[in-house]
Amino acid sequence: MISLRNIDKRYGGVAALNQVNLEIARGELVVLIGPSGCGKSTLLRTVNRMTEPDGGQIIIDGKNALASDPVLLRRSIGYVIQNVGLFPHLTVRENVAVVPHLLGWDKAKRLQRADEMLALVRLDPARFGGRYPGQLSGGQQQRVGIARALAADPQLLLMDEPFSAVDPITREQLQEELLRIQRDVRKTILFVTHDIDEAIRLADKICLLRDGAVVQYADPDTMLRHPANEFVARFFGQEPVLKRLARYSVADFVRIDAASVAAASAAVAAGADSVPLHAGARAALSKLLGGLPLLAVTDTTGAIAGLVTLVDLTLAESPAARDELAA
Ligand SMILES: Nc1ncnc2c1ncn2[C@@H]1O[C@H](COP(=O)(O)OP(=O)(O)OP(=O)(O)O)[C@@H](O)[C@H]1O
């Protein structure tokens, strides 16, 4: 889908990008990560030519992107940034319909498309479509940003720290939504973040940059288990097994046999804490590390579905550990 070949970009004496090579397959979600100033945003922005590289080739779907009209190229690529950049004087529905409008779709079609996209990001079009961006929370605005980026059905989506301006709980919800949307619509996504857990949770592949160059490009498991060098190992830090938990939810570990459901019900009746099935495994782990023997797990209706324990999350029962044993 995308081939970046020998991309160079210099600002004065600084090499922001230095011979970057990257192959991204159709439908893959690739996260760019690395220390501040390593070139993540610059690399992302060369793909839609908001930054023109000094050298190298960008091939998108077999076409030379550096030879195409940059305005048309940008319209064909979805783009989501940190503070969304919604137009304050347009309604939510009109904001989502901006690119279809630029592409000349007729009004009925583009408004219908906007409503479909709002529903996709779980904003009720009847309730939110007519509001103005200033009447939404930060997380809701971010959802509108995603709906807008998807409105013209681009195959490629560029996301530059899209979730970094929201609180941690909203951020987790948005990550969950993005994974769900990705299961539904499968786009090729290039995603910049500073957040290691976010990278591990979302990425099919992580590209770790340093001083404008690619240090390692691999799936998160490989990156954590087989860091290419000391820099990669230090960047991802301690406890790689726990970090890999970021990719899993409580549903991957829950015990649902009758005895477990009974034990969980008794624990809740005695005042024990619970987590929903879709909660992240790391969130459950931090509760358990607070000294709880078990956590009850609830389903979408709030009914008790089973339980998880510390052992479930950290030892051989975990999918991560099973992978390790199988490897
Ligand atoms: N317009 C510009 N003019 C001059 N230097 C620039 C410009 N844009 C980026 N740079 C420099 O290029 C390098 C890479 O910047 P870039 O913004 O791509 O890094 P980043 O990894 O996205 O950083 P951060 O994580 O801090 O957002 C940095 O040294 C930066 O100072």
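Just so you know, these numbers come straight off a predicted model, no measurement behind them.

What counts as what
Residues numbered from 1 in each chain as written. Predicted model: local features only at pLDDT ≥ 70, side-chain atom pairs only at ≥ 80, totals over all residues. Heavy atoms only, no water. Helix = DSSP H or I, 4+ residues; strand = E, 2+ residues; numbered from the N terminus. Buried < 20%, exposed > 50% of the residue type's maximum accessible area, 1.4 Å probe, protein only. Contact = heavy atoms within 4.5 Å. Domains from an automatic or database assignment. Buried area = accessible area lost by both parts, 1.4 Å probe. Salt bridge = Lys/Arg side-chain N within 4 Å of Asp/Glu carboxyl O. Pairing = 2+ DSSP bridges. Axes fitted to C-alpha atoms, helices over the stretch in contact; angles between N-to-C directions. Phe/Tyr/Trp six-rings, centres within 6.5 Å; stacked < 30°, edge-to-face > 60°. Polar contact = N/O pair within 3.5 Å; in protein donor to acceptor, adjacent residues only side chain to side chain.

**Quick look at the side chain of Thr 298**
Right, on to step 1. Within the secondary structure, Thr 298 is located in strand β12 (residues 295–298).
Right, on to step 2. For Thr 298, a relative accessible area of 14% translates into the label buried.
Right, on to step 3. Not counting the four nearest positions on each side in its chain, Thr 298 is found in contact with Ser 274, Val 275, Pro 276, Leu 277, Ala 303, Ile 304 and Ala 305.

**Some details on the domain arrangement of the protein**
Right, on to step 1. Domain parsing of the protein yields domain 1 (2–238) and domain 2 (248–326).
Right, on to step 2. Placing a centre on the C-alpha atoms of domain 1 and another on those of domain 2 gives a separation of 33 Å.
Right, on to step 3. At the junction of the two partners, domain 1 supplies 5 residues and domain 2 supplies 5 residues.
Right, on to step 4. Of the roughly 400 Å² buried where domain 1 meets domain 2, counting both sides, 29% is carbon and sulfur surface.
Right, on to step 5. Counting across the domain 1 and domain 2 interface gives 1 salt bridge.
Right, on to step 6. When residues of the side of domain 1 that touches domain 2 are traced back to their parent elements, those giving at least two are α8 (168–185) and α10 (220–225).

**Comments concerning the environment of Tyr 11**
Right, on to step 1. Inspection of the secondary structure puts Tyr 11 in strand β1 (residues 2–11).
Right, on to step 2. Assessed through its relative accessible area of 44%, Tyr 11 is described here as partly exposed.
Right, on to step 3. Spatially, the C-alpha atom of Tyr 11 lies 9.8 Å from that of Asp 54, the residues being 43 residues apart in sequence.
Right, on to step 4. In this view, Tyr 11 contacts Ala 16, Thr 42 and Thr 51; residues no more than four positions away in its chain are not counted.

**Looking at the pairing of β1**
Right, on to step 1. Note that β1 and strand β4 (residues 55–60) share 5 bridges and pair antiparallel. Residue pairing in the sheet places Asp 8 in a bridge with Gly 55 of β4.
Right, on to step 2. Inspection of the sheet shows β1 paired to strand β2 (residues 14–24) by 7 bridges, in the antiparallel sense. Pairing of Ile 2 across the sheet is with Ile 24, part of β2.

**Side note on the sheet that holds strand β9 (residues 205–210)**
Right, on to step 1. Overall, mixed pairing links the 6 strands, which are arranged β6-β7-β8-β3-β9-β10 in an open sheet. This sheet does not close on itself; its edge strands, each paired only once, are β6 (77–81) and β10 (213–218). Mean inter-strand twist for the sheet, computed between neighbouring axes without regard to direction, equals 15°.
Right, on to step 2. Alignment of β6 against strand β7 (residues 156–160), held across 5 bridges, turns out to be parallel. Paired with Tyr 79 across the two strands is Leu 158, which belongs to β7.
Right, on to step 3. On the sheet, helix α1 (residues 40–47) packs against β3 (29–33), β6, β7, β8 (188–192) and β9 and is oriented at approximately 155° with respect to β7.
Right, on to step 4. Contacts from α8 reach β3, β7 and β8 within the one sheet, and its direction differs from that of β8 by about 160°.

**A closer look at the packing of aromatic side chains**
Right, on to step 1. In the structure shown here, the tally under the stated rule is 4 aromatic pairs.
Right, on to step 2. Ring centres of Phe 231 and Phe 235 lie 6.2 Å apart, and the angle between their planes is 35°; this geometry places the pair in the tilted category. Of this pair, Phe 231 and Phe 235 both sit in helix α11 (residues 230–236), separated by 4 residues, roughly a single helical turn. Each member of the pair, Phe 231 as well as Phe 235, carries the same accessibility label: buried.
Right, on to step 3. On the numbers, 5.4 Å between centres and 85° between planes, the contact of Phe 235 with Phe 236 is edge-to-face.

**Observations concerning the side chain of Glu 198**
Right, on to step 1. Checked against the element boundaries, Glu 198 lands in helix α9 (residues 196–202).
Right, on to step 2. Within the structure, the side chain of Glu 198 is placed 2.7 Å from the side chain of Gln 175, a separation counted as a polar contact.
Right, on to step 3. Aside from chain neighbours lying at most four places away, what touches Glu 198 is Phe 163, Arg 171, Gln 175, Phe 191 and Thr 193.

**Things to note about unusual backbone geometry**
Right, on to step 1. Residues other than glycine seldom take positive phi values, yet Arg 49 does so here, at roughly 65°.
Right, on to step 2. Its place among the elements puts Arg 49 in the loop between α1 and β4.
Right, on to step 3. Judged by relative accessible area, which is 10%, Arg 49 ranks as buried.
Right, on to step 4. Even without being a glycine, Asp 211 presents a positive backbone phi close to 45°.
Right, on to step 5. With respect to the helices and strands, the residue Asp 211 is situated in the loop between β9 and β10.
Right, on to step 6. Since its relative accessible area comes to 59%, Asp 211 is described here as exposed.

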